[in-house]
Amino acid sequence: MRIVLLFILLISLFADDSFITRYEYAKMLYENPRGIGCQHCHGVKGEGSIIAKYKDKKGVKYLKAPDIRDVDYKRFYKKLNSRKIKSAMPSYFLTRSEIKTLYYYIKMINSEDKR
Ligand code: HEC
């Protein structure tokens, strides 16, 4: 009986090791969402960044990827599901659950350091 219990314990420990956590999965998705990673434009934590700087007749202009840390879920979902060609942001083909995971990731990573 004791051996059986030990065996079950070992299996469960091993099983825990072989699965990545939800957080690790979310990080992978943020950095590699079947397309260019979000961090390249929105920054590692979704804080936003300047993608490009250019000049026109009126002077120097910046192309910015906005801060996405406080975007509500509805807006987030809509944006990730949009197929608008005119945006500087690429279109992604993510599932509902993947979009949820990305949203969760940005919340998680920002609550860790309580900005
Ligand atoms: C090539 C740069 C680029 C990449 C990569 C990118 N974005 Fe964006 N994103 C933008 C720009 C520029 C905007 C603002 C213009 C717009 O809304 O189309 C934007 C807008 C958004 C918005 C809307 C913000 C608001 O206030 O309404 C969300 C949400 C968003 N991005 C999330 C993501 C996520 C999640 C990823 C990764 C799957 C990602 N973006 C990848 C450039 C990028």
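All figures in this text were calculated on a predicted structure; none of them were measured in a lab. (Residues numbered from 1 in each chain as written. Predicted model: local features only at pLDDT ≥ 70, side-chain atom pairs only at ≥ 80, totals over all residues. Heavy atoms only, no water.)

## A closer look at a nonpolar patch on the surface
(1) Moving on: Where nonpolar side chains cluster on the molecular surface, the patch consists of I20, Y25 and M28 and spans about 290 Å² of accessible area.
(2) Moving on: For Y25, a relative accessible area of 31% translates into the label partly exposed. (Patch = residues over 30% accessible without salt bridge, like charges linked within 9 Å, V, L, I, M, F, W, Y side chains within 5 Å. Areas by Shrake-Rupley, 256 points an atom, 1.4 Å probe, with all protein chains shown as cover. Salt bridge = Lys/Arg side-chain N within 4 Å of Asp/Glu carboxyl O. Buried < 20%, exposed > 50% of the residue type's maximum accessible area, 1.4 Å probe, protein only.)

## Here we look at empty space enclosed by the protein
Any space left empty among the atoms is revealed by the rolling of a water-sized probe across them.
(1) Moving on: Evaluated as defined, the whole model comprises one cavity of 30 Å³ or more.
(2) Moving on: Counted as a void, the largest cavity has a volume near 40 Å³.
(3) Moving on: Within the lining of the largest cavity, the residues separate by chemical class into two nonpolar, three polar and two charged. (1 Å grid on protein atoms, 1.4 Å probe; cavity = no way out; pocket = protein on both sides within 12 Å on 5 of 7 lines; lining within 4 Å. Points joined across faces, edges and corners; volume = space filled by probe spheres on them. Nonpolar A, V, L, I, M, F, W, Y, C, P; charged D, E, K, R; others polar.)

## Quick notes on the site of the ligand
(1) Moving on: The full set close to the ligand counts 22 residues, and C38, C41, H42, S87 and M89 are the nearest of them.
(2) Moving on: Here a nitrogen atom of the ligand and a side-chain polar atom of H42 are 2.8 Å apart.
(3) Moving on: Taking a 2 Å distance to the grid points as the criterion, the majority of the atoms of the ligand fall inside the largest pocket.
(4) Moving on: Put simply, the parts of the chain that give the shell around the ligand at least two residues each are α3 (39–42), β2 (59–65) and α4 (73–80).
(5) Moving on: Broken down by class, the residue content of the shell around the ligand amounts to 16 nonpolar, three polar and three charged. (Near = heavy atom within 4 Å. Polar contact = N/O pair within 3.5 Å; in protein donor to acceptor, adjacent residues only side chain to side chain. Sits in = over half its atoms within 2 Å of the grid points. Helix = DSSP H or I, 4+ residues; strand = E, 2+ residues; numbered from the N terminus.)

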